[in-house]
Amino acid sequence: MNIKNAQKEVDDWINEHGVRYFNELTNMAQLTEEVGEVARIIARRYGEQSEKESDKDKDLGEELSDVMFVVLCLANQTGIDLQAAFDKKMDKKAKRDHNRHHNNDKLK
């Protein structure tokens, strides 16, 4: 699935099940909350914090998908073609960062 299709799928879901989009500020707060849930899993599972029993059944993929869903909502409601924006960003990063990363001794 490409990003454009994902944006449409989210929009279809909102229109069929969600009644309407939450406003942009609510979605921004929701995005922050979802990113925090991802951070909690990463810090405990891959970082140095101890993982609590209650965190062991958390699904990182599900939490990342929550982040993606809210990002797609924000793109839809602000009129952003995220596929075009992403393609442009990847082209920019490929041109700007290719040699930069190959010449970074920290990455070797």
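Residues numbered from 1 in each chain as written. Predicted model: local features only at pLDDT ≥ 70, side-chain atom pairs only at ≥ 80, totals over all residues. Heavy atoms only, no water.

## Comments concerning the environment of Asn23
Thinking step 1. Looking at the secondary structure, you find Asn23 in the loop between helix H1 (3–18) and helix H2 (24–45).
Thinking step 2. Among the residues examined, Asn23 registers a relative accessible area of 40% and is labelled partly exposed.
Thinking step 3. When the C-alpha atoms of Asn23 and Lys56 are compared, they prove to be 33 Å apart, with 33 residues separating the residues in sequence.
Thinking step 4. A distance of 3.1 Å separates the side chain of Asn23 from the backbone nitrogen of Leu25, its partner in a polar contact. (Helix = DSSP H or I, 4+ residues; strand = E, 2+ residues; numbered from the N terminus. Buried < 20%, exposed > 50% of the residue type's maximum accessible area, 1.4 Å probe, protein only. Polar contact = N/O pair within 3.5 Å; in protein donor to acceptor, adjacent residues only side chain to side chain.)

## Examining the UniProt feature "domain: NTP pyrophosphohydrolase MazG-like" (unreviewed entry) in the protein
Thinking step 1. The UniProt record marks residues 23–100 with the feature "domain: NTP pyrophosphohydrolase MazG-like" (unreviewed entry), using the residue numbering of this structure.
Thinking step 2. The span residues 23–100 carries 76% helix and 0% strand; its end-to-end C-alpha distance comes to 39 Å. (UniProt positions renumbered as here; feature names shortened; annotations may be inferred.)

## Structural notes on the side chain of Glu34
Thinking step 1. As for its position among the elements, Glu34 is in helix H2.
Thinking step 2. The side chain of Glu34 sits in the buried core without any salt bridge; Lys58 is the nearest counter-charge, 9.7 Å away.
Thinking step 3. Excluding its chain neighbours within four sequence positions, the residues that come into contact with Glu34 are Glu63, Asp66, Val67 and Val70. (Lys, Arg positive; Asp, Glu negative; His and termini not counted. Salt bridge = Lys/Arg side-chain N within 4 Å of Asp/Glu carboxyl O. Contact = heavy atoms within 4.5 Å.)

## Quick word on the packing of H1 against helix H3 (residues 60–77)
Thinking step 1. In contact at an axis separation of 9 Å, H1 and H3 are set at 85° when each is read in the N-to-C sense. Our classification of the angle between H1 and H3 gives roughly perpendicular. Seen from H1, the contacting residues are Ile3, Ala6, Gln7, Val10, Asp11, Trp13 and Ile14; seen from H3, they are Phe69, Leu72, Cys73, Ala75 and Asn76.
Thinking step 2. Of the residues that constitute the contact of H1 with H3, the class distribution is nine nonpolar, two polar and one charged. (Axes fitted to C-alpha atoms, helices over the stretch in contact; angles between N-to-C directions. Parallel < 35°, antiparallel > 145°, perpendicular 65-115°, else oblique. Nonpolar A, V, L, I, M, F, W, Y, C, P; charged D, E, K, R; others polar.)

## Considerations on the side chain of Arg44
Thinking step 1. Tracing the backbone shows Arg44 in helix H2.
Thinking step 2. What Arg44 contacts, discounting residues up to four positions off in sequence, is Gln49, Ser50, Glu51, Lys52 and Asp55.

## As for the layout of surface pockets
Thinking step 1. Here the largest pocket defines a volume of roughly 180 Å³.
Thinking step 2. Around the largest pocket sit 14 residues that line it, and Trp13, Ile14, Phe22, Gln30 and Phe69 are the ones nearest its centre.
Thinking step 3. Looking at the lining of the largest pocket, the elements with two or more residues in it are H1, H2 and H3.
Thinking step 4. Looking at the lining of the largest pocket element by element, the count peaks at five residues for H3. (1 Å grid on protein atoms, 1.4 Å probe; cavity = no way out; pocket = protein on both sides within 12 Å on 5 of 7 lines; lining within 4 Å. Points joined across faces, edges and corners; volume = space filled by probe spheres on them.)

## Things to note about the pattern of salt bridges
Thinking step 1. One pass over the structure, following the stated rule, counts 11 salt bridges.
Thinking step 2. Note that Asp55 and Arg40 form a salt bridge whose closest N and O atoms lie 3.1 Å from each other. Pair noted here: Asp55 is in the loop between H2 and H3 and Arg40 is in helix H2, with a separation of 15 residues, a long-range link.
Thinking step 3. Its relative accessible area of 5% is what places Asp55 among the buried residues.
Thinking step 4. Between Lys95 and Asp91 there is a salt bridge whose closest N-O contact spans 3.1 Å. Of this pair, Lys95 and Asp91 both sit in helix H4 (residues 82–102), four residues apart, roughly one helical turn.
Thinking step 5. Residue Lys95 is classed as exposed on the basis of its relative accessible area of 65%.

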